[in-house]
Amino acid sequence: MRILSGIQPSGALHLGNYFGMMKPAIELQAQGEAFYFIADYHSMTSLFDAAQRRRNTVDVALDFLACGLDPRRSVFFRQSDVPEVAELTWMLSTVTPMGLLERCHSYKDKKAKLAGDDLDRVNHGLFAYPVLMAADILIYDSNVVPVGRDQKQHVEVTRDIAIKFNNLYGETFVIPEPRIRDEVAVVPGTDGQKMSKSYGNTIEIFGEEQALRKKVMSIVMDSRTPQEPKPDAERNNAIQLLNLVAPGEVARDYLERLRAGGLGYGDLKKALFGHYWDCFAAARQRRAELASNLDHVEDVLRTGAEKARAQAGVVLRRAKQAAGI
Ligand code: ADP
Ligand code: TRP
C-alpha cells in the first residue's frame, strides 16, 4: 500500500494539523510505504515572502520529524524537489473541467475572504490548487491519503481527474482514497471553530511555554457558574482537546466532573495545559536535538527527494506515453 500526504509550510503547525493529519500519517507508516512531503509550491498561492517560506519549510521538517516521522521508513521530501509534479499538473489540467474547480469549498472560502480586501490575491494558483494536489497524489501511485476533513473534497477531485484521464487515454493512474479519522476530523480552536491558521484560533504543537499557556487559558467558555451541572459537557472545547492530549481515564474524569457541576473552567483549562505540555514533552526534546543538526534534516530531505523523483519519473513517463507526448 502506498500512503501519501502533504502539508503546506504556511506557518507554525498546530494541534489541528497534528491530530487531523500528522498523527494518523505517522501511525500509517507501519502499514505501507509512506510518502510525505512539504507542499512549498502550494504555499506560493497565499504566502508571498520567500524568506518566510524558507524558514517555515525548515520548521515543518523539524516538527514532522520530531513528532515521529521516521525517514528510515518513509520518504520525506520537499514538493519542489520533484519538478515532474509540475509537468504532470499541466497534463491533468487539460482534463479538469472548470466547473469541478469552481465548486471547491476551499477556493470559494478563500475567494470570499479575499474579496473584501485584496482581489488580486485570488490568483490562478489558488484556483488550480487542486490540480497540483492531484498531481502530487497520482504521480506516486498513491492508494491512501490521510488528511483532515477539509481536504476530503480535494481528494475527490483527484479521483475525478484520474478517472477522466484513464477513460480518455487508457488505464494510467491508481485511484486514491482519502483516509479521515472521524474522531479528529475537525479539531476545534480556541474560539470553538475549526482550528486553523486563517482563523487566528490555533494552539501550536511547539512554541514558547508562556505564550502557549496564554492561548490555552483563552479558550472560549460560556458564562455558567462552576456549580451548575453541564449536560452538554462533551461539547466543551477544552474537553474536546483534553480527549486528544490526556490519557482516556483522565479525560473521562474531567468530563464527568464538568457534567455534574463543581469544576470551574479555569481549573479545567489549567489541567488541559498540563496534559498538552506533557503530551509533547518527548517530541519537544527531539525537536531541540534536530534543530541543532540542520545538516541532518537537509540530508533527510535530499535523500527523500531522490527516492520520490525516481517514482515520479516512472508515472510521468506512463502518463506521457498514454497521452501521445
Ligand atoms: P490550516 O487550516 O491551519 O491552514 P492546513 O489547511 O494547512 O491548515 O491543513 C494541513 C492538514 O491538517 C490538512 O490535512 C488538514 O485537513 C489538517 N487540519 C488542519 N486543521 C485541522 C483541524 N482543525 N482539524 C483536523 N484536521 C485539520
Ligand atoms: N492541500 C493540503 C493542505 O493544505 C496540502 C497538500 C498538498 C496535500 N498536496 C497534497 C495533502 C497531497 C495530501 C495530498 O493541507
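Once a new chain begins, its residue numbering starts again from 1 and follows that chain's sequence as written. All chains are assigned letters beginning with A, and all ligands numbers beginning with 1, in the order in which they are written. pLDDT decides what is reported in this predicted model: residues at 70 or higher carry local features, side-chain atom pairs at 80 or more are listed and counted, and totals for whole chains, interfaces and linings draw on all residues regardless. Side-chain descriptors were evaluated using all non-hydrogen atoms of the structure, hydrogens and water having been removed beforehand.

A. Representation of the site of ligand 1 within the structure. Whether a residue is near a molecule or strand depends on its heavy atoms: if one lies within 4 Å, it is near. Around ligand 1 lies a shell of 18 residues, among which His-14, Asp-150, Val-187, Ser-196 and Lys-197 are the nearest. Counted as a polar contact is a pair of N or O atoms within 3.5 Å, where, for protein atoms, one must be capable of donating a hydrogen and the other of accepting one, and residues adjacent in sequence contribute only when both atoms are in side chains. One nitrogen or oxygen atom from the main chain of Lys-197 is found 2.8 Å from an oxygen atom belonging to ligand 1. Compared with its free state, where it exposes 530 Å², ligand 1 has 92% of that area covered by protein. Here ligand 1 is seated within the largest pocket. Residue-level accessible areas treat just the shown protein chains as cover; the underlying method is Shrake-Rupley with a 1.4 Å probe. The pocket and cavity definitions rest on a 1 Å grid over protein atoms only: a 1.4 Å probe that fits but cannot leave marks a cavity, an open set with protein on both sides within 12 Å along at least five of seven lines marks a pocket, and residues lining either have an atom within 4 Å of a point. More than half of a molecule's atoms within 2 Å of the grid points is what it takes for that molecule to sit in a cavity or pocket.

B. Up close: the packing of helix α10 (residues 237–245) against helix α12 (residues 265–279). In the contact formed by α10 and α12, the axes pass within 9 Å of each other and the chain directions differ by 25°. Put simply, α10 runs roughly parallel to α12. For the pair α10 and α12, the sense of crossing is left-handed. Facing α10, whose interface residues are Ala-238, Ile-239, Leu-241, Leu-242 and Val-245, α12 presents Leu-268, Lys-269, Ala-271, Leu-272, His-275, Tyr-276 and Cys-279. Axis angles are defined between N-to-C directions and span 0 to 180 degrees, where every axis is a line fitted to C-alpha atoms and, for a helix, only to the segment in contact. By the criteria applied, helices consist of DSSP H or I runs no shorter than four residues and strands consist of E runs no shorter than two, each listed in order from the N terminus. Any angle from 65 to 115 degrees is called roughly perpendicular, while one under 35 is roughly parallel, one over 145 is roughly antiparallel, and all others are oblique. Here is the rule for handedness: rotate from the far helix to the near one, and if that takes an anticlockwise turn smaller than a right angle the crossing is left-handed, while a clockwise turn gives right-handed. Throughout, a residue-residue contact means that at least one pair of heavy atoms, one from each residue, lies within 4.5 Å.

C. Local environment of the site of ligand 2. Gln-8, Tyr-129, Met-133, Asp-136 and Gln-151 are the nearest of the 14 residues found near ligand 2. In this structure, Gln-151 approaches ligand 2 through a side-chain N or O atom, which is 3.1 Å from a nitrogen atom. Taken by itself ligand 2 offers 370 Å² of open surface, and the protein chains cover 90% of this. Structurally, ligand 2 is housed in the largest pocket.

D. The arrangement of α12 in detail. Multiplying 1.5 Å by the residue count of a helix minus one yields the expected span of that helix. Helix length check: α12, at 15 residues, gives a terminal C-alpha distance of 21 Å against a target of 21 Å (1.5 Å per residue), a fit within 8%. Throughout, exposure labels follow a simple rule: accessible area from a 1.4 Å probe, protein chains only, divided by the maximum for the residue type, with under 20% read as buried, over 50% as exposed, and the rest as partly exposed. Of the positions making up α12, those classed as buried are Tyr-265, Leu-268, Lys-269, Ala-271, Leu-272, Phe-273, Tyr-276 and Trp-277. Residues of α12 that are buried sit in contact with α1 (15–28), α9 (209–217), α10, α11 (248–260) and α13 (281–291).

E. Expanded view of the side chain of Thr-158. Note that Thr-158 resides in helix α8 (residues 152–169). According to the relative accessible area criterion, Thr-158 is buried, its value standing at 0%. Not counting residues within four places of it along the chain, the set of residues in contact with Thr-158 comprises Met-133, Ala-134, Ile-137, Leu-138 and Pro-176.

F. Just the layout of surface pockets, in detail. Grid points are joined across faces, edges and corners, and a volume is the space filled by probe spheres set on the points. Approximately 1,400 Å³ is the volume found for the largest pocket. Contributing to the lining of the largest pocket are 49 residues, with Gln-8, Lys-110, Asp-150, Gln-151 and Lys-194 lying nearest its centre. Elements with a contribution of two residues or more to the lining of the largest pocket: β1 (2–7), α1, α6 (105–117), α7 (124–138) and α8. It is α6 that provides the largest number of residues to the lining of the largest pocket, a total of 6 residues. One number sums up the size of the second largest pocket: a volume of about 330 Å³. Contributing elements (two or more residues each) for the lining of the second largest pocket: α2 (40–43), α4 (84–93), α5 (98–102) and α7. With 7 residues, α7 is the single largest residue contributor to the lining of the second largest pocket.

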